[in-house]
Each structure stands twice: as structure tokens, then as C-alpha cells.
Amino acid sequence: VVLGLTWGIFILILQLPLNLYAGTVLHKAATIVEARGDGDETTTEVENQESSKIVATSTGYKMGYDSINIVQEYEVDQQEEDHCNKDQLTFDFIGITQALFESKTAKRVVITIYYTNIFLVLGDYILVMSHAVVAMVGGNLCLPIAGLLASTLMFA
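Residues numbered from 1 in each chain as written. Predicted model: local features only at pLDDT ≥ 70, side-chain atom pairs only at ≥ 80, totals over all residues. Heavy atoms only, no water.

(A) Focus on the overall build of the chain. Helices and strands together make up the secondary structure of the chain, namely five helices and three strands. Helices and strands appear in the chain in the N-to-C order α-β-β-β-α-α-α-α. The proportion of buried residues among the 156 residues of the chain is 17%. Of the contacts formed within the chain by residues at least 6 apart in sequence, a portion of 21% connects residues at least 24 apart. (Helix = DSSP H or I, 4+ residues; strand = E, 2+ residues; numbered from the N terminus. Buried < 20%, exposed > 50% of the residue type's maximum accessible area, 1.4 Å probe, protein only. Contact = heavy atoms within 4.5 Å.)

(B) How the structure looks around helix H3 (residues 93-100). Every buried residue belonging to H3 is among Ile94, Gly95, Ile96, Thr97 and Ala99, and all of these are buried. Along its buried surface, H3 packs onto helix H1 (5-36) and helix H4 (104-136).

(C) Representation of the packing of H1 against H3 within the structure. Relative orientation of the contacting elements H1 and H3 amounts to 60 degrees, with a least axis distance of 10 Å. The pairing of H1 with H3 is recorded here as oblique in orientation. Like other packed secondary-structure pairs, H1 and H3 cross with a definite hand, here left-handed. In contact with Leu26, Ala29, Ala30, Ile32, Val33 and Arg36 of H1, H3 contributes Phe93, Ile96, Ala99 and Leu100. Of the residues assigned to the contact of H1 with H3, the class counts are nine nonpolar, no polar and one charged. (Axes fitted to C-alpha atoms, helices over the stretch in contact; angles between N-to-C directions. Parallel < 35°, antiparallel > 145°, perpendicular 65-115°, else oblique. Left-handed = near helix turned anticlockwise from the far one by under 90°. Nonpolar A, V, L, I, M, F, W, Y, C, P; charged D, E, K, R; others polar.)

(D) Representation of the packing of aromatic side chains within the structure. Following the criterion strictly, the structure yields three aromatic pairs and no others. Measuring from ring centre to ring centre gives 5.6 Å for Trp7 and Phe10, while their planes differ by 90 degrees; the resulting arrangement is edge-to-face. A residue pair is termed a helical-turn pair when its members lie 3 or 4 positions apart in one helix, as Trp7 and Phe10 do in helix H1 at three residues. A residue is classified by how much of its surface remains accessible, and Phe10, at 45% relative accessible area, is partly exposed. Considering the side-chain rings of Tyr114 and Tyr115, the 5.1 Å spacing of their centres and the 80 degrees angle between planes classify their relative orientation as edge-to-face. Judged by relative accessible area, Tyr115 falls into the partly exposed class, the value being 49%. Through pairs of rings, three or more aromatic residues link up here, namely Phe93, Tyr114 and Tyr115. (Phe/Tyr/Trp six-rings, centres within 6.5 Å; stacked < 30°, edge-to-face > 60°.)

Right, dumping it as C-alpha cells:
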């Protein structure tokens with residue numbers, strides 16, 4: 001089913017507030033979980049010539065006013081480390097669920113929804129790829145065989 005340009009843009013704009021709200025809720029949940037902490041946060045202090053300090057924590061780093069030019073190498077290393085998530089509780093939906101709810105039922109529900117969603121999204125991806133393979137060969141191929149061929153081409 002093709003929606004067309006007008007309906008497609010309308011639905012895209014309609015989803016923006018929902019995605020913003022969901023992102024805000026997830027951010028607040030992760031902030032609450034990280035604020036609880038487990039005492040494993042490491043803090044490092046590096047002093048430069050003007051006695052300014054750089055304090056590096058697992059959530060980032062704060063710089064003193066004159067320390068930018070003196071410790072450039074340290075900043076590059078810290079920026080690379082910032083892309084790693086050191087807090088396992090906020091790494092994914094399952095970890096956040098474990099941290100917010102102590103119920104195993106809630107964890108099982110989130111795991112079921114999470115992996116069902118991944119399965120359906122990948123199934124949809126294979127279906128689209130199958131239609132693309134059928135279009136490539138001129139329409140003389142059945143969809144299941146095209147799906148096998150698409151899966152094989154993805155792994156190649």
C-alpha cells in the first residue's frame with residue numbers, strides 16, 4: 001500500500017511528538033537508574049600547570065577554565081571512552097527494566113516484546129529484500145526462493 005507524498009509526510013510529522021515523548025521518558029528512566037548508582041563510578045583528577053582540574057566520570061568530563069590546550073591528548077582518550085557505556089543497567093531496555101522493576105515478570109514481558117519486535121523487523125527486511133530480488137531478475141522467481149537468495153546475498 002502506497003500512502004503518497006502528502007499522507008507520508010503527515011504520518012511522519014504525526015510521529016515526531018510521540019518519538020520525542022518516548023525519548024524523554026527513556027532519558028528520565030536512565031537518569032534515575034544512573035543516579036541511584038552502585039558505587040562503581042570512578043573519578044579521576046588530572047591537574048595542569050595552572051592547577052585547573054579535569055574531572056572524568058562515567059557520564060563525561062568537566063573542564064577547568066584554562067585546561068583545554070594543555071590536556072588535548074587526555075581529551076581525545078576521554079572522548080573515545082565516552083562512546084562506551086560503562087553502566088550495564090542503562091545499556092538496553094532489559095537492563096533499565098531490571099533496575100526500575102524488581103519483578104521477573106516485567107523483565108520477561110520486556111524481553112518478549114523486545115525480541116518479537118526484532119524478529120518482525122528483520123522479517124520485514126527479508127520480505128523487502130525478496131521483492132527487490134524478484135524485481136532484479138525480472139519477476140520470474142517465486143517469493144520464497146527470492147527470500148532464500150536475498151538471505152544468502154546478505155551473508156555474502
